[in-house]
Amino acid sequence: MKRARLATVIAVTSVSLALLLIGLFGIFYLNMDRWIGRLRAKMEIEVFLDPTVKQEKIDQLRKSIQQIEGIESVQFISKEKAAKRFKQEFGQDIFDIIENNPLPPSFVIHLKKGYRTYMRVSAISGQLQKLDAVDEIVFQKQLLQIVDRYIQIVYLGTILIGLMITFIAFVLIYNTIRLTIYARKDIISIMRLVGATERFVRRPFVVEGMAQGLIGAAIASILLFYFIKFVKTFIYPYLATTPYLFLILLGLGWLLGMISSRLSVGKHLQNV
Amino acid sequence: MKRARLATVIAVTSVSLALLLIGLFGIFYLNMDRWIGRLRAKMEIEVFLDPTVKQEKIDQLRKSIQQIEGIESVQFISKEKAAKRFKQEFGQDIFDIIENNPLPPSFVIHLKKGYRTYMRVSAISGQLQKLDAVDEIVFQKQLLQIVDRYIQIVYLGTILIGLMITFIAFVLIYNTIRLTIYARKDIISIMRLVGATERFVRRPFVVEGMAQGLIGAAIASILLFYFIKFVKTFIYPYLATTPYLFLILLGLGWLLGMISSRLSVGKHLQNV
Amino acid sequence: MIEFYNVNVQIDGKYILREVSLRILKGEFVYLIGPSGAGKSTILRLIYFDLFPQAGTVIVDKYSSAKIRRKDIPYIRRKIGVVFQDFKLLTDRTVYENVALALRVTGVKSSEIKRRVMRILTEMGLSQKRNHYPQELSGGEQQRVAIARAVINEPFIVLADEPTGNLDPRTSLEILETLERINKKGTAVLMATHNYDLIRKFKHRTIKINRGMIV
Amino acid sequence: MIEFYNVNVQIDGKYILREVSLRILKGEFVYLIGPSGAGKSTILRLIYFDLFPQAGTVIVDKYSSAKIRRKDIPYIRRKIGVVFQDFKLLTDRTVYENVALALRVTGVKSSEIKRRVMRILTEMGLSQKRNHYPQELSGGEQQRVAIARAVINEPFIVLADEPTGNLDPRTSLEILETLERINKKGTAVLMATHNYDLIRKFKHRTIKINRGMIV
Ligand SMILES: Nc1ncnc2c1ncn2[C@@H]1O[C@H](COP(=O)(O)OP(=O)(O)OP(=O)(O)O)[C@@H](O)[C@H]1O
Ligand SMILES: Nc1ncnc2c1ncn2[C@@H]1O[C@H](COP(=O)(O)OP(=O)(O)OP(=O)(O)O)[C@@H](O)[C@H]1O
Ligand SMILES: [Mg+2]
Ligand SMILES: [Mg+2]
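Note that the structure is predicted; figures quoted are calculated from it, not measured.

## A closer look at the coordination of the magnesium ion (ligand 4)
And then number 1: Distances from the magnesium ion (ligand 4) to its protein donors, namely D:Ser41 (OG) and D:Gln85 (OE1), fall within the range 1.9 to 2.2 Å. Note that D:Ser41 is positioned in helix H1 (residues 40-47) and D:Gln85 in the loop between strand E6 (80-83) and helix H3 (95-104), a separation of 44 residues in sequence.

Put into structure tokens, the structure is as follows:
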């Protein structure tokens, strides 16, 4: 009884800590993903028009642009608005320099979610170029290229580390349960000597493994919940979370407990 | 013999996996830190001058600016360069609009490492404002404010998670060694019955704990080394690393092994 | 019912048993004697298929050591009650649970288990100790728990390895009377022992073994 | 040298020993007999300070159960050789290492250890088995390893708890002769036993105990 209890406590602790780690990592991933999504959402295409373009033409253009696949919103920047932007950027009123506003009117275009990559933006830019009265198209080519490239690296790295943590958690749980079973080696061998079938010997361990996995996951979930609460209250109120995370943890705990105890018992029984 | 071996394998595995985790986290931290440093390094102050300022005055100004504390470099942007920048940003040659270049000359200032925070930049901006012939000062106020605020959050979060991983590693190692000792409960109790002193019983466990910690750290270091190599070769060649990381891992392994085995044995011996 | 045909057991090249042939009939009571290290426990291990001979055949009930499948072993063991020389009690379970284990593995109902365990514990003078853990018992008490576990299943044979080694003469007598009683009900008994007083008092066929050979 | 003054041992409110007073002199040979569960092993545990009385005093050598400090216990234990009823051998060490352990804990040199261990193993007829692990030994062989470990340290007293329980009469005789020989050299022996044949053959003072009381 005492022996079994200690081993259980240790297994549950390990499971919950490992799953907590996975949970923390999940939150990190979620927030990074959202942050990168926001970065991309900020991306805009500026379509500079012929300064002499008529209002009529502008309305027509807007319609054409809106029909292009992947366009989320189109905003018109008149010559006046452009002048304001000039003031902001160069610290000088353009009307101080020249009487007539020389700045061209433009459209600012935002794209739909799937279209915010360099490839797609280039394609859309090509289509825009073909429209009448369009003078020049500007978007953050380089930034987009960089984001495209680095984000892949970041995602790859993140997923790699995530998998590694999951693997580490698995090894830890597997080892803990293995040691738990090892600590009950004598019990197993005695059970078999008094006529227990493999199934009979195996079952409690697997059930226990699953229970430990679930309990560990529950503890991890509770810790994670308070961690999230703490961070939201004191550090960063915009932390992104999802209830699915907890479901995933519980599922993972159950799965890890079951698989690792199955493997452990299976492997062990041959040696007793 | 066999019993001791299994427990050792498990302990070393756990130690090395936990330390690997810490190592991975260390690399992540290192790269994030460097990335944020780069972000700050890009920060610049633009000092717009009176468009009519003389060359003489410009040289004098440059000297005054260079004397301000925290200035790393000062670059002069002439009216001509400004025109080029205009072309880049607005897609139109300014000389198409107007004959005389109306854009003001400016200084672009980079700051030294410790001075790239909003507070410091504001102070320096104030000093610059007082100089002769300075028209307006522009820097990315909002961005800097955001970086200042969020970066603190990111650092805090990172350190929090880092401490948590270290703590988790400690608990895992402590538990593993505890289970190791538990598996040798009978041995301990028999040793004491034949007259072994506490020291005699304790010593091999502590020595073993340290050895396990060190071996685990060595394994973690090797894995980490190849992980770094892999990432550098196939994913991200600019990955920042430092040999200190490996030293830290070894030290940590040794320390964790020693402390956790000390605590484990100490706690355990009372119950046997 | 139990038959050994020219059984050889070798470990690390050393003969533990050599050309052992013997036969125990249904309901028989047989002593197995011989000096320390002669091979008595080894013979018992062969019977409950914890060990297999390198040569020769062991036949128990309808199973043969040459043909028995791994998954059949639990079922034959349930029909054999073993009192191990070192007791083999579970240190993390009470006396009650240790004895009940032999029934639990066969899937007997809890109420039935309770009834039968309580009866056998009372018979062994252990009912007071039912909630104790083995390490809280004296050597002789542990031995009696081991005997209780061996006989509770109403096996067709009880293998008793030195079942009185830790008992005083009076308790030894009681244990032997218990075994005799079980034997009377039709259960065979094979008892390895060094206790010649008992052999003299309760006369049964005696198999003598020395250095791995029947003498 | 060993004195019990009105010793009471209680566990969970139940008396295991009640008002036990006894004295064992230097170099004496004493039997401790009584039925299973009488309290024999408990008396031995008190002597090697594995247990402390609830009332009364146990005095061993110059130590008293009332005053002994935790850190003194290992040193007195080195001067007491114990043959445990359940042997208490380390399953992960060979016979050689098990016996050597008693010397290792005292810090004896390796060469000296080797010499002494080999001598005692030969004396016990175990030199062939020195590289075996306990679970590879027969019950009687394990018991002899336990005896070897108890006497190797040349203790001032040997506490032998049923040292012949798993041995055949001839080996039992040999063990008793070994104990006698040790005793002749000045070592006291306190032996808990159920083997009245031996008591009759080797006459010594006998302490009889029943239900925790000297009778
Ligand atoms: N796994 C093993 N490896 C090596 N030798 C073994 C192994 N198992 C048993 N032996 C040896 O086989 C011999 C017979 O052992 P066994 O346990 O059958 O003797 P026994 O007749 O029961 O003796 P005892 O009366 O002392 O219990 C012993 O010498 C023992 O050392
Ligand atoms: N930790 C404990 N908790 C409860 N009861 C105990 C404990 N230790 C011993 N006892 C009881 O004390 C009594 C005496 O035990 P002890 O081991 O001294 O008997 P013994 O004379 O050595 O018997 P045996 O000849 O069977 O070995 C037994 O009834 C035993 O159940
Ligand atoms: Mg035997
Ligand atoms: Mg006893």
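Structure's up, so let's keep going.
## Remarks on the sheet that holds strand E3 (residues 29-33) of chain D
Residues and elements named next belong to chain D.
And then number 1: The six strands lie next to each other as E6-E7-E8-E3-E9-E10, forming an open sheet whose pairing is mixed. Among the strands making up the open sheet, the edge pair consists of E6 and strand E10 (213-214).
And then number 2: The sheet contact formed by E3 and strand E9 (residues 205-210) spans four bridges and is parallel. Counted as the bridge partner of Leu 32 is Ile 207 from E9.
And then number 3: Across the sheet, helix H5 (residues 139-151) lies against E6 and strand E7 (157-161), angled at about 175° from E6, the strand it touches most.

## Things to note about the arrangement of the chains
And then number 1: With four pairs of chains in contact overall, the greatest share of contacts is found between chains A and B.
And then number 2: Separated throughout, chain B and chain C approach each other most closely at a C-alpha pair spaced 12 Å apart.
And then number 3: Taking C-alpha atoms only, the smallest gap left between chain A and chain D, which are not in contact, amounts to 12 Å.

## Comments concerning the site of ligand 1
And then number 1: Every one of the 20 residues lining ligand 1 counts as a neighbour, but C:Lys40, C:Ser41, C:Thr42, D:Gly140 and D:Glu141 are closest to it.
And then number 2: This site is not confined to one chain, since residues near ligand 1 come from chains C and D.
And then number 3: Take C:Ser36: an N or O atom from its side chain is 2.9 Å from an oxygen atom of ligand 1.
And then number 4: C:Gly39 is positioned such that a nitrogen or oxygen atom in its backbone is 2.8 Å from an oxygen atom of ligand 1.
And then number 5: Listed by contribution, the elements that provide at least two residues to the shell around ligand 1 are helix H1 (40-47) of chain C together with H5 of chain D.
And then number 6: Considering only residue class, the shell around ligand 1 consists of four nonpolar, 12 polar and four charged.

## Side note on the site of ligand 2
And then number 1: Around ligand 2 there are 20 residues in total, and C:Gly140, C:Glu141, D:Lys40, D:Ser41 and D:Thr42 lie nearest to it.
And then number 2: Residues close to ligand 2 are split across chains C and D.
And then number 3: In the environment of ligand 2, a nitrogen atom lies 3.0 Å from a nitrogen or oxygen atom belonging to the backbone of C:Glu136.
And then number 4: A distance of 2.5 Å is found between an oxygen atom of ligand 2 and a side-chain nitrogen or oxygen belonging to D:Thr42.
And then number 5: For ligand 2, the accessible surface in isolation is 640 Å², of which the surrounding protein chains cover 91%.
And then number 6: Of all the elements in the fold, those that place two or more residues in the shell around ligand 2 are helix H5 (139-151) of chain C together with H1 of chain D.
And then number 7: When its residues are assigned to classes, the shell around ligand 2 shows four nonpolar, 12 polar and four charged.

## Here we look at helix H6 (residues 169-184) of chain C
Residues and elements named next belong to chain C.
And then number 1: In this model H6 runs 22 Å from its N-terminal to its C-terminal C-alpha over 16 residues, within 8% of the 22 Å that 1.5 Å per residue would give.
And then number 2: Those residues of H6 lying buried are Thr 171, Ser 172, Ile 175, Leu 176, Thr 178, Leu 179, Glu 180, Ile 182 and Asn 183.
And then number 3: Where H6 is buried, its residues meet strand E3 (29-33), helix H4 (110-123), H5, strand E7 (157-161), strand E8 (188-192) and helix H7 (196-201).
And then number 4: Following H6 by one or two positions, Gly 186 adopts a phi angle in the positive range, close to 110°.

Thresholds applied
- Residues numbered from 1 in each chain as written.
- Chains lettered and ligands numbered in written order.
- Predicted model: local features only at pLDDT ≥ 70, side-chain atom pairs only at ≥ 80, totals over all residues.
- Heavy atoms only, no water.
- Donors = N, O, S within 2.8 Å, 3.2 Å for Na, K, Ca; no water.
- Helix = DSSP H or I, 4+ residues; strand = E, 2+ residues; numbered from the N terminus.
- Pairing = 2+ DSSP bridges.
- Contact = heavy atoms within 4.5 Å.
- Axes fitted to C-alpha atoms, helices over the stretch in contact; angles between N-to-C directions.
- Near = heavy atom within 4 Å.
- Polar contact = N/O pair within 3.5 Å; in protein donor to acceptor, adjacent residues only side chain to side chain.
- Nonpolar A, V, L, I, M, F, W, Y, C, P; charged D, E, K, R; others polar.
- Areas by Shrake-Rupley, 256 points an atom, 1.4 Å probe, with all protein chains shown as cover.
- Expected span 1.5 Å × (residues − 1).
- Buried < 20%, exposed > 50% of the residue type's maximum accessible area, 1.4 Å probe, protein only.

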